[in-house]
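# Observations on the three-dimensional arrangement
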Amino acid sequence: MKSILLKYLARYTTLSGDEQQAVVEQILVQEYKKGTVLLRQGDVPTQCYFVLKGCVRQYSIDETGKEVTSSFYTEEQAVSIFNYHKQNRSSAYTLTCLEDCVLVVGDLDTEKDMFHKYSQLETMTRKMVEANLGEVQEEWASFIAASPEERYKVLLRKRPDLVNRVPQHQLASYLGMTPESLSRIKKRISTSDV
């Protein structure tokens, strides 16, 4: 599993092999069972994660009590809650493991020490965040302009694994539709492919 981390260190830094190995040895990798809550909405986050194996769901509960799924994180994706702009630093989201997961766990308080010791880690993190932000911006723009059926087709093209990995009602919430609408769209698409 740590070979995935070495790949990112090699791609985004010029750290020597020994330095890369030292960084990887200091990184905490933890296993979590399906159903584990990593962060609750309203709590102040103290950790960030990087998915080596598994699926993490990000969702919030709105004022009516409805769960709204905003993201699914799978292999080689970073899970961070950016809330530094908020005065109380509380999270607007809950993070839950939808599968048994293997995650890199970053402690936000000790992150600065690692960045000080290995300045290229901060650069690597920034580059990864910038790339992720660019993808999210593109996805959001196309999501707003797309019909529900188009959203599902984009999901099938870009992240087809989610269709079989997450419950349909959570997938429907993520796509901004009801489970019944998603079921009709799936049926329509499967019959048109025949």
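Whatever comes next refers back to the structure up there.
So, here's what we can say about the structure. (Residues numbered from 1 in each chain as written. Predicted model: local features only at pLDDT ≥ 70, side-chain atom pairs only at ≥ 80, totals over all residues. Heavy atoms only, no water.)

## Concerning the overall build of the protein
Basically, it comes down to this: Going along the chain from the N terminus, every DSSP run of H or I of four or more residues is numbered as a helix, and every run of E of two or more is numbered as a strand. Accessible area is worked out with a 1.4 Å probe on protein chains only. A residue is then buried under 20% of its type maximum, exposed over 50%, and partly exposed in between. What makes two residues a contact is simply this: any of their non-hydrogen atoms within 4.5 Å. Only the protein chains shown count as covering a residue, and every accessible area follows the Shrake-Rupley method with a 1.4 Å probe. Charged residues are defined narrowly, with Lys and Arg counted positive, Asp and Glu counted negative, and His plus the chain ends left uncounted. By convention, charge coordinates are those of NZ in Lys, CZ in Arg, CG in Asp, or CD in Glu.
Counting its regular elements, the protein contains eight helices and eight strands. Considered along the principal axes of its C-alpha atoms, the protein spans approximately 55 × 40 × 30 Å. For the protein, buried positions account for 37% of its 194 residues. For the protein, the proportion of contacts with a sequence separation of at least 24, taken over those separated by at least 6, is 69%. Taken as a whole, the protein presents about 11,600 Å² of accessible surface, with 52% of it coming from carbon and sulfur. Each charge class in the protein can be summarised by its mean position, and for the 25 positive and 26 negative side chains these summaries are 5 Å apart.

## Some details on the sheet that holds strand S6 (residues 78–79)
Operational definition: Think of it this way: DSSP has to see at least two bridges between two strands before they count as a pair. To obtain each axis, a line is fitted to C-alpha atoms, and for helices this fit is confined to the stretch in contact; angles are then taken between N-to-C directions over 0 to 180 degrees.
Strands sit in the order S1-S8-S3-S6 across an open sheet of four strands; the sheet is antiparallel. Looking along the sheet, the strands with just one partner apiece sit at the ends: strand S1 (28–32) and S6. Both strand S3 (residues 47–53) and S6 contribute to a ladder of two bridges, which runs antiparallel. Looking at S6, one finds that tyrosine 49 is bridged to valine 79. Against the sheet, helix H1 (residues 2–12) engages S1, S3 and strand S8 (101–107), with an angle of about 110 degrees to S3. Its contacts with the sheet put helix H3 (residues 108–117) on S3 and S8, and the angle it makes with S8 is roughly 75 degrees.

## Here's the deal with helix H8 (residues 179–192)
Inclusion rule: Expected helix span is computed as 1.5 Å times (number of residues minus one). To be clear, the arc concerns the directions from the helix axis to the C-beta atoms.
Relative to the 20 Å expected for 14 residues at 1.5 Å per residue, H8 spans 20 Å between its end C-alpha atoms, a close match to the ideal helical length. Buried within H8 are the following residues: Leu182, Ile185 and Ile189. Looking straight down H8, one finds that the buried residues subtend no more than 65 degrees of arc, so they occupy a single side. Those residues of H8 that are exposed and aimed more than 90 degrees away from the buried face are Arg184, Lys187 and Thr191. Where H8 is buried, its residues touch helix H5 (148–158) and helix H7 (168–175).

## A word on the nonpolar core
Condition: In this description, a nonpolar core means a group of buried Ala, Val, Leu, Ile, Met, Phe, Trp, Tyr and Cys residues linked to one another through side-chain atoms lying within 4.5 Å.
Tyr8, Leu9, Val23, Phe50, Leu52, Leu121 and Met124 are the most contacted members of the largest nonpolar core, which totals 18 residues. Counting only elements with at least two residues in this core, the list comes to H1, helix H2 (17–26), S3, S8, H3 and helix H4 (119–145). At five residues, H1 tops the list of elements feeding residues into this core. Judged by nonpolar contacts, the second largest core, of 16 residues, contains Cys55, Val166, Leu175 and Ile185.

## What to know about the packing of aromatic side chains
As a reminder of what qualifies: Think of it this way: a Phe, Tyr or Trp ring, Trp meaning its six-membered ring, pairs with another when their centres are within 6.5 Å, and the plane angle makes it stacked under 30 degrees, edge-to-face over 60, tilted otherwise. Charge-over-ring contacts are defined here by two conditions on Lys NZ or Arg CZ: a distance within 6 Å of the ring centre and an angle within 35 degrees of the ring normal.
As enumerated under the stated definition, the model contains three aromatic pairs in all. Here the aromatic rings of phenylalanine 72 and tyrosine 174 are separated by 5.1 Å at their centres, their planes lie at 70 degrees, and the arrangement is edge-to-face. With phenylalanine 72 in strand S5 (residues 67–73) and tyrosine 174 in helix H7, this pair connects stretches of sequence that are 102 residues apart. Since its relative accessible area comes to 0%, phenylalanine 72 is described here as buried. Tyrosine 174 sits in the buried class, given a relative accessible area of 17%. Taking NZ or CZ as reference, arginine 57 lies 4.0 Å from the ring centre of tyrosine 59, over its face. A cation sits over an aromatic face here: arginine 151 above phenylalanine 143, 4.2 Å from the ring centre.

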